[in-house]
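Fold and contact review
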Amino acid sequence: MLSERRAVAALRVFLVVLFGVLLVFQTLSLPGGIAYHTQQNPHDAPLRWPLTAIAVFLVLCVQVVVVATWQLLTLVKKDRIFTSASLKWVDAIVWAIGAAWLVFVGMLIFVGFNADDPGMPMLLFLVTVGITVLGLLMVVMRALLRQATALRTDLEAVI
């Protein structure tokens with residue numbers, strides 16, 4: 001089994017890779033792919049810039065989660081995870097997930113009322129439910145972190 005130190009180091013490597021890939025998608029792949037799609041399907045041309053903005057924003061939300069996770073790993077390494085400093089990074093994750101959730105709900109409503117077949121609305125519904133579960137899980141984890149931080153503070157006060 002991986003030790004905590006090795007797991008943190010491996011996670012940091014993959015966070016850097018993930019952030020780099022997200023940056024390429026955000027600046028090149030998604031805008032280029034959406035532009036190509038709208039050139040091939042002129043009836044979708046009015047959606048080019050709104051879809052590009054939504055795609056770039058959703059990638060930004062994931063990037064916020066990556067950066068906040070990196071900061072939390074730094075606090076783990078310094079044995080300061082159970083301090084109030086960690087709560088702001090968990091809050092950033094919760095807010096980023098909440099923002100992405102709002103965008104997906106908006107897309108689900110828009111696509112749901114305009115779709116000819118149920119495929120895309122069902123896919124958006126699945127992603128929205130997944131984001132909902134992830135967001136609620138982070139809210140619970142934030143509550144557990146607050147409890148653990150309070151317990152550690154109380155314990156340090158006694159000692």
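A quick note: this is a predicted structure, and the numbers were derived from the prediction, not measured. (Residues numbered from 1 in each chain as written. Predicted model: local features only at pLDDT ≥ 70, side-chain atom pairs only at ≥ 80, totals over all residues. Heavy atoms only, no water.)

1. Section: the environment of Val-76
Considering the arrangement of structural elements, one finds Val-76 in helix H2 (residues 48-77). In this structure the C-alpha to C-alpha distance between Val-76 and Ser-86, which are 10 residues apart in sequence, comes to 9.2 Å. In contact with Val-76, other than residues within four places in its own chain, are Glu-4, Val-8 and Ile-81. (Helix = DSSP H or I, 4+ residues; strand = E, 2+ residues; numbered from the N terminus. Contact = heavy atoms within 4.5 Å.)

2. Quick look at the UniProt feature "transmembrane region" (unreviewed entry) in the chain
The UniProt record annotates "transmembrane region" (unreviewed entry) at residues 7-29, 49-73, 93-113 and 119-145. The annotated region residues 49-73 carries 100% helix and 0% strand content, and the separation between its end C-alpha atoms amounts to 36 Å. Taken end to end, residues 93-113 is 100% helix and 0% strand, and its two terminal C-alpha atoms sit 30 Å from one another. (UniProt positions renumbered as here; feature names shortened; annotations may be inferred.)

3. Examining the packing of helix H3 (residues 84-114) against helix H4 (residues 119-158)
A pair of packed helices is captured by two measures, namely the crossing angle of their axes and the spacing between those axes. One can describe the packing of H3 onto H4 by two numbers: an axis separation of 9 Å at closest approach and a directional angle of 160°. Here H3 is positioned roughly antiparallel relative to H4, judged by the angle of their axes. At the point where H3 passes H4, the crossing takes the left-handed sense. Its residues placed into classes, the contact of H3 with H4 shows 21 nonpolar, seven polar and three charged. (Axes fitted to C-alpha atoms, helices over the stretch in contact; angles between N-to-C directions. Parallel < 35°, antiparallel > 145°, perpendicular 65-115°, else oblique. Left-handed = near helix turned anticlockwise from the far one by under 90°. Nonpolar A, V, L, I, M, F, W, Y, C, P; charged D, E, K, R; others polar.)

4. Some remarks on H4
Here H4 contains 40 residues, and its C-alpha end-to-end distance of 59 Å stays within 8% of the 58 Å for a straight helix at 1.5 Å per residue. Along H4, the positions that sit buried rather than exposed are Pro-121, Leu-124, Thr-128, Ile-131, Gly-135, Met-138, Arg-142, Leu-145 and Thr-149. On its buried face, H4 is in contact with H3. (Expected span 1.5 Å × (residues − 1). Buried < 20%, exposed > 50% of the residue type's maximum accessible area, 1.4 Å probe, protein only.)

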